[in-house]
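Overview (structure and organization)
Here is what each chain is made of, one letter per residue.
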Amino acid sequence: MSSPGFAKKSKIKQTVLDALVKASGSFVSGTRVSAELGMSRAAVWKQIEILRKEGYSVSSKPRIGYCLTGVPDRFYPFEVKRLLKAEIMGSEIDYFDSLGSTNDETMKRAVEGAPEGTVVIAEEQTKGKGRLGRAWISPKYQGIWFSIVLRPEVLPAETGLITLAVAVAVARAVKQETGLDVEIKWPNDLLIKGKKVAGILTEMSSEQDKVHFMVVGVGINANVDPGSFPGELRATATSLREQLGRDVNRVRLLCSVLNELESSYRSFREKRSDEIVRDWKELSSTLGKKVEVKILDRIFVGVAGDIDEGGQLIIRMPDGELISVSAGEITYLR
Ligand code: BTN
């Protein structure tokens, strides 16, 4: 854990970085920075070296000073906060270079009382979790792997819509940042051209009539090299980089997701379920499709007719019977 000495050093670095950012691409004099910040020129230079090691590009000219020429695509809280417009999402940001699972860490923080909107983000996960007990491949610096604490005042039975609301936010953010059309496969798979590009894992602590908190984990295969997917996933998974033929800026995309999430979450919290359902339907590829539904060891085949205001999928069976499905997995049939 960080010591007071560490916090002080990181504050000094932050102050130097702030001065460089404020100059927005112009040179700032080392003498002026050191005078304004009340530190020696050697101390300023030391901080510049630290920033360079963290991936910032800073050019320096003798007797003129320093100029920030590039920022790294890393989820440093300072970089994220700079682009964030949300009030709830990102109220606190905990950043890790490597973590087992951001969902596990966030669950722990939520139990300890972390405020709503706390984001835990990691550059890599070594034990990333997918739905239905599957692993989620989360290679370093290639994706967006984060979880968020939510504390809505809703009943456990009303929580089904949150995953749909988050899926809408992710699809919109990807469209904004890349121009790519993302479709949602019920309940929460995000697909591009039929291949999975992102997923959502929602966990919750509740009792019969009360939700203590929810943790929503989002994984986006942003710049994942398709070679990183294990053999069995290559045919079904993709990344934004694979689709675009170039890298995406992960920090910008994360901020865009959090900004979108803010408005989707407000709809959820204020129980405007009709809005969430309408937005989800606009982006979903599921309705009207013949599907196979697997729930534990039972399999049904029917047509995905609709979703109800709780986010349940309504399947029309061949004999006309309607069944509602709240969890499980569907496969599109031809
Ligand atoms: C799925 O579609 O199976 C859900 C995938 C969810 C993955 C994300 S990555 C960040 C968060 N931490 C985890 O361990 N899982 C979720």
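Structure first, text after, so check above.
Read on for a plain summary of the structure. Not measured: the values here are computed from a predicted model. (Residues numbered from 1 in each chain as written. Predicted model: local features only at pLDDT ≥ 70, side-chain atom pairs only at ≥ 80, totals over all residues. Heavy atoms only, no water.)

1. Here we look at the packing of aromatic side chains
- Tallying each qualifying case throughout the model produces three aromatic pairs.
- Where Tyr56 meets Tyr76, the ring centres are 6.1 Å apart and the plane angle is 20 degrees; that geometry is what we call stacked. Placement of the pair is Tyr56 in the loop between helix 3 (41–53) and strand 1 (57–61) and Tyr76 in the loop between strand 2 (65–70) and helix 4 (77–83), with a sequence separation of 20 residues. With respect to class, Tyr56 is no different from Tyr76; both count as buried.
- Ring centres of Tyr76 and Tyr95 lie 5.5 Å apart, and the angle between their planes is 75 degrees; on these two criteria the pair is classed as edge-to-face. Of this pair, Tyr76 sits in the loop between strand 2 and helix 4 while Tyr95 sits in strand 3 (residues 93–96); the two residues are 19 residues apart in sequence, bridging distant segments of the chain.
- With a relative accessible area of 16%, Tyr76 lands in the buried category.
- Members of the aromatic cluster, each reached through a chain of ring pairs, are Tyr56, Tyr76 and Tyr95.
- Residue placement shows Arg74 over the ring face of Tyr141; its charged tip is 3.6 Å from the ring centre. (Phe/Tyr/Trp six-rings, centres within 6.5 Å; stacked < 30°, edge-to-face > 60°. Helix = DSSP H or I, 4+ residues; strand = E, 2+ residues; numbered from the N terminus. Buried < 20%, exposed > 50% of the residue type's maximum accessible area, 1.4 Å probe, protein only. Lys NZ or Arg CZ within 6 Å of the ring centre and 35° of its normal.)

2. What about a nonpolar patch on the surface?
- Residues Ile299, Val301 and Leu333 make up a contiguous nonpolar surface patch of about 220 Å² in total accessible area.
- Along the polypeptide, Ile299 turns up in strand 11 (residues 298–307). (Patch = residues over 30% accessible without salt bridge, like charges linked within 9 Å, V, L, I, M, F, W, Y side chains within 5 Å. Areas by Shrake-Rupley, 256 points an atom, 1.4 Å probe, with all protein chains shown as cover. Salt bridge = Lys/Arg side-chain N within 4 Å of Asp/Glu carboxyl O.)

3. Observations concerning the pairing of strand 2
- The element strand 2 is extensively covered by neighbouring structure, given that five of its six residues are classed as buried.
- Here strand 1 folds back onto strand 2, and the loop between the two strands holds three residues, one of which, Arg63, carries a positive phi near 65 degrees. (Pairing = 2+ DSSP bridges.)

4. A look at the site of the ligand
- Near the ligand you find 19 residues, and of these Ser101, Gln125, Lys129, Arg131 and Lys196 are the closest.
- A distance of 2.9 Å separates a nitrogen atom of the ligand from a polar atom in the side chain of Gln125.
- Contact between the ligand and Lys196: an oxygen atom at 2.5 Å from a side-chain N or O atom of the residue.
- Relative to its free-state accessible area of 410 Å², the ligand is covered by the protein chains to the extent of 98%.
- When contributions to the shell around the ligand are tallied by element, the ones reaching two or more residues are helix 5 (102–111), strand 5 (144–150), strand 8 (195–207) and strand 9 (210–220).
- Classifying every residue of the shell around the ligand gives five nonpolar, ten polar and four charged. (Near = heavy atom within 4 Å. Polar contact = N/O pair within 3.5 Å; in protein donor to acceptor, adjacent residues only side chain to side chain. Nonpolar A, V, L, I, M, F, W, Y, C, P; charged D, E, K, R; others polar.)

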